[in-house]
Amino acid sequence: MAKKEKTEEEKKLQVTIGIPAFKAQDHIEDCLSSINIQTVRDIVEVVIASDNPEDNYDYLKDKFPKLTIKVVPCEKNTGPGLARQRALENATTEWITFIDADDVFYTPFALEQLSRGIQPQVIEVQAPFLQEVRDNPQVRVAPRNDIGHPWVFGRLYNTKFLKEMKIEFSELRAMEDGEFNWKIRMSIEGTPLKINVINDPIYLWRVGSEHSITRIGVDEKGIPQYNFDLCQIGATQASIRAIKFCREKNPFNGGITRFATEMMIGHYFTYVECLERKPVFAEQNLFNAKRFYHEAYKEIEHLISDDVIKNMYTMQYAGHSQQLIGIIPQISFNEFFNKVKNDPYNGEDELKEIRSKFSQEIIDNDLKTGVATW
């Protein structure tokens, strides 16, 4: 049977792939190769947001002539959030997805599978993704099925919705995508708009380049390890900003209350794990919880009953049990919460004092990643 020719409407660009690229020459060709073999390649435009003035990715247009590639240069390094925002602002299509320059789409059907999730009222389609796990010298993949994850991996967004709601990536360099996705999640609460979930893993989060500030390698089992220093500062800042953004739009949004409660309880589990695995950052993690309480949670605390907190704590414990195996908490949630509420809170001055006790090695590592030292 002869292959049916695509109509002009079918050939029209429909999906933008935004790629933040920082010193990505060693990885980005693998990324583009995974786009080049997509079954829906003809309806895709690629926007590479160069985040290093010294990088030039124009040569990729000749290397991948069948892809529609646009390179958006920058005047200075701004971080992955603002690079993604530049890609979003330069998108010409109805939908956009993001992929890091050192990652790949898992199959040639990835974008086709994501696109199948588009339905009336859907403003986002998301899928589980896979991550590389390094068992030296071998590399294997492990599924990430926590659909509520805060990252951009494996997500397709409606660009019109994002622009109308003024949902943008910020200058944060850790958890900038968390802030972005949390704004979406809370903004659609109580509306007919919805997020659709598909079952097919379409994205491979690779072990990555040396420029990652959130993953700091793997443990003895090959499981990726996260930076207890910058990740939690970033997560706290991102969640506070997302809550404030959504409260300005709709202060009576019940989704804000639920999200804030989840985050308050989540700070406890992070603190417990940090006490065991990276105690040098425990004081800073406690500060993060205090900052979140005073700058976001305190205003809505009167809306949340003890039963709600107890039930949500039980649900989160089930979700965190894998990380907490073998850890006997040194402090209960009630003790932690009372400490967060009642200990003095001095904002940025307190954080600066905590960080003044860190070793020069920690400070140098923060500076090397391009993240401001508080």
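Residues numbered from 1 in each chain as written. Predicted model: local features only at pLDDT ≥ 70, side-chain atom pairs only at ≥ 80, totals over all residues. Heavy atoms only, no water.

(A) How the structure looks around the environment of Ile184. The topology assignment puts Ile184 in helix H7 (residues 176–187). A sequence separation of 10 residues divides Ile184 from Lys194, and the C-alpha atoms of the two residues are 9.9 Å apart. When residues no more than four places from it in sequence are discounted, the contact partners of Ile184 are Ile123, Glu124, Tyr157, Phe161, Leu162 and Ile167. (Helix = DSSP H or I, 4+ residues; strand = E, 2+ residues; numbered from the N terminus. Contact = heavy atoms within 4.5 Å.)

(B) Quick look at the pattern of salt bridges. One pass over the full model with this rule turns up 21 salt bridges. Salt bridges linked by common partners bring Glu171, Glu179, Lys183 and Arg241 together as one network. (Salt bridge = Lys/Arg side-chain N within 4 Å of Asp/Glu carboxyl O.)

(C) View of the packing of aromatic side chains. All chains considered together, the criterion is met by 26 aromatic pairs. Consider the rings of Phe153 and Tyr203, whose centres lie 5.1 Å apart with planes at 35°: the pair is tilted. With Phe153 in the loop between strand S8 (138–144) and strand S9 (155–158) and Tyr203 in strand S11 (residues 203–205), the pair connects residues that are 50 residues apart, well separated along the chain. An identical accessibility class is assigned to Phe153 and Tyr203; each is buried. (Phe/Tyr/Trp six-rings, centres within 6.5 Å; stacked < 30°, edge-to-face > 60°. Buried < 20%, exposed > 50% of the residue type's maximum accessible area, 1.4 Å probe, protein only.)

(D) Spotlight on the confidence of the model for the chain. Taken over all residues, the pLDDT of the chain has a mean of 86, while the share at 70 or more is 84%. Ranking the elements of the chain by mean pLDDT puts helix H1 (residues 8–11) last with 52 and strand S4 (residues 95–98) first with 98. (pLDDT = per-residue confidence, 0-100.)

(E) Expanded view of the pairing of S9. Alternating residues of S9 divide into Arg155 and Tyr157 and Leu156 and Asn158, and every residue in both groups is buried. Bridge count between S4 and S9: 3 bridges; the pairing is antiparallel. Pairing of Thr97 across the sheet is with Leu156, part of S9. Of the strand pairs in this sheet, strand S6 (residues 122–126) and S9 are connected by 3 bridges, and their pairing is antiparallel. Note on S9: the bridge partner recorded for Gln126 is Arg155. (Pairing = 2+ DSSP bridges.)

(F) Main features of the sheet that holds strand S3 (residues 68–72). If you walk across this open sheet you meet the 7 strands as S3-S2-S1-S4-S9-S6-S10, and the pairing is mixed. At either margin of the open sheet sits one strand with a lone partner, and together these are S3 and strand S10 (194–197). Neighbour-to-neighbour, the strand axes of the sheet open up by a mean angle of 25°, direction not taken into account. Across 7 bridges, strand S1 (residues 15–21) lies against strand S2 (residues 44–50) in parallel orientation. Within S2, the position partnered with Gly18 by the bridge is Val47. The sheet strands contacting helix H2 (residues 28–36) are S1, S2 and S3, and the helix crosses S1 at an angle near 170°. Together, S6 and S9 form the strand contacts of H7, whose direction differs from that of S9 by roughly 60°. (Axes fitted to C-alpha atoms, helices over the stretch in contact; angles between N-to-C directions.)

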